[in-house]
Amino acid sequence: MDGFNKQPPWLWEPNTTCWWQVPFIYMLGLAIGARFIVEIGVDQGYGAWHLAHLAKSNRGLYLGVDIVPVQKKIFESCGVEFARYFDSCRLPVKFLNEDSKTLTGLPIERVDLAFVDGEHTKEAVLHEVNVLLYPKAQVNGTTYICLHDIVDFPGVKEAWEIFKEDDRFQALEFYPNSGLGVLRVK
Ligand SMILES: C[S@@+](CC[C@H](N)C(=O)[O-])C[C@H]1O[C@@H](n2cnc3c(N)ncnc32)[C@H](O)[C@@H]1O
């Protein structure tokens, strides 16, 4: 895949907090042909790198939401060469610099796949999933919402317990390394 394996060294860092979760989500996205992909909580771009390549290969769009300006953050942590390289990959990315709790909608036509890894409070996670469920077009049976840290963060864990009982979803959970919850929207 064009440019995908030419990552900066820190992206191979095994201590990245979501080191296996992101490649798992990437593979899920390939399997379902996800085109419209949203990440809430971008930070230094481990998820963004993979999921933006996924969007490119599926002719879609990656939307990253973060309360801090992430392009500046990626630039500062990876250096100017990586920032230039990121741009040269011509990835279909949009970044939204906003507090997820104030989101009332998303500038994307639908959501096929989402990675929720932002504020980690119950209030924020419940709101984020709600927003992901109501993009401009109706979601269908192929929408997946993945939540990081369903084991380690009490707020995320509480939200996850609510989602598991919600008839709108089929839920699948993984426990290792802080956990990952996957919701399939029925
Ligand atoms: C654990 S990091 C995300 C890691 C990222 N998913 C990755 O793959 O490397 C959490 C991010 O969530 C952002 N964040 C925290 N609270 C937020 C909020 N209320 N709205 C949007 N972003 C938030 C932080 O600025 C931080 O960049």
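A quick note: this is a predicted structure, and the numbers were derived from the prediction, not measured.

## As for the nonpolar core
Right, on to step 1. Within the largest apolar cluster, 49 residues are counted, with the highest numbers of intra-cluster contacts made by I37, V38, L51, A114, V116, I145 and C146.
Right, on to step 2. Ranked by residues supplied to this core, first place goes to helix α2 (residues 46–57) with seven residues.
Right, on to step 3. What V116 contacts, discounting residues up to four positions off in sequence, is I40, V125, E128, V129, I145, C146, L147 and H148.

## Brief notes about α2
Right, on to step 1. Between its first and last C-alpha atoms α2 spans 17 Å; for twelve residues at 1.5 Å apiece the expected length is 16 Å, and the two agree.
Right, on to step 2. The buried fraction of α2 is high, at eleven of twelve residues.
Right, on to step 3. Taken together, the buried positions of α2 are Y46, G47, A48, W49, H50, L51, A52, H53, L54, A55 and K56.
Right, on to step 4. Residues of α2 that are buried in the fold lie against α1 (21–32), β1 (36–40), β2 (61–66), β3 (93–97) and β4 (113–116).
Right, on to step 5. Trailing α2 by a residue or two, R59 shows a phi angle of about 55 degrees, which is positive.

## Considerations on the site of the ligand
Right, on to step 1. The ligand sits among 21 residues. The nearest are G41, D43, Y46, G47 and E119.
Right, on to step 2. When contributions to the shell around the ligand are tallied by element, the ones reaching two or more residues are α2 and β2.
Right, on to step 3. For the shell around the ligand, the per-class residue count stands at eight nonpolar, six polar and seven charged.

## A short note on the sheet that holds β1
The strands making up a sheet associate through backbone hydrogen bonding, with each pair oriented either parallel or antiparallel.
Right, on to step 1. Across the sheet, seven strands lie side by side as β3-β2-β1-β4-β5-β7-β6; this open sheet has mixed pairing. Where the open sheet ends on each side, the last strands, each with one partner, are β3 and β6 (169–174). For this sheet the average axis-to-axis angle between neighbouring strands, irrespective of direction, equals 15 degrees.
Right, on to step 2. Pairing analysis gives four bridges linking β1 to β4, with the strands arranged parallel. Bridging across to β4, I37 finds its partner in L113.

## Quick look at the pairing of strand β5 (residues 143–148)
Right, on to step 1. Among the six residues of β5, six are classified as buried, and the element is accordingly described as predominantly covered.
Right, on to step 2. On β5, burial covers both faces: T143, I145 and L147 on one face and Y144, C146 and H148 on the other are all buried.
Right, on to step 3. Bridge count between β4 and β5: four bridges; the pairing is parallel. Its bridge partner lying in β5, L113 is registered against Y144.
Right, on to step 4. Examined bridge by bridge, β5 and strand β7 (residues 180–185) share six bridges and lie antiparallel to one another. Note on β7: the bridge partner recorded for I145 is L183.

Reading the values: rules and limits
Think of each chain on its own: its residues are numbered from 1, step by step along the sequence as written. Confidence filtering applies because this is a predicted model: local features only for residues at pLDDT of at least 70, side-chain atom pairs given and counted only at 80 or more, and all residues used for totals across whole chains, interfaces and linings. To form a nonpolar core, buried Ala, Val, Leu, Ile, Met, Phe, Trp, Tyr and Cys residues must be joined through C-beta atoms within 7 Å. Exposed residues have 12 or fewer other C-beta atoms within 10 Å of their own C-beta, buried residues have 20 or more, and residues in between are partly exposed; the C-beta atoms are placed from the backbone. Secondary structure counts use DSSP, requiring at least four H or I residues in a row for a helix and at least two E residues in a row for a strand, with both numbered from the N terminus. Working definition of a contact: two residues with C-beta atoms, positioned from the backbone, lying within 7 Å. Any helix carries an expected span of 1.5 Å times its number of residues minus one. Using a C-beta atom placed from the backbone, a residue is described as near a molecule or strand when that atom lies within 6 Å of it. For this scheme, ten residues count as nonpolar: Ala, Val, Leu, Ile, Met, Phe, Trp, Tyr, Cys and Pro. Four count as charged, namely Asp, Glu, Lys and Arg, and the remainder, Gly too, count as polar. When DSSP finds two or more bridges between a pair of strands, those strands are recorded as paired. Each axis is a line fitted through C-alpha atoms, taken for helices only over the stretch in contact, and angles between the N-to-C directions span 0 to 180 degrees.

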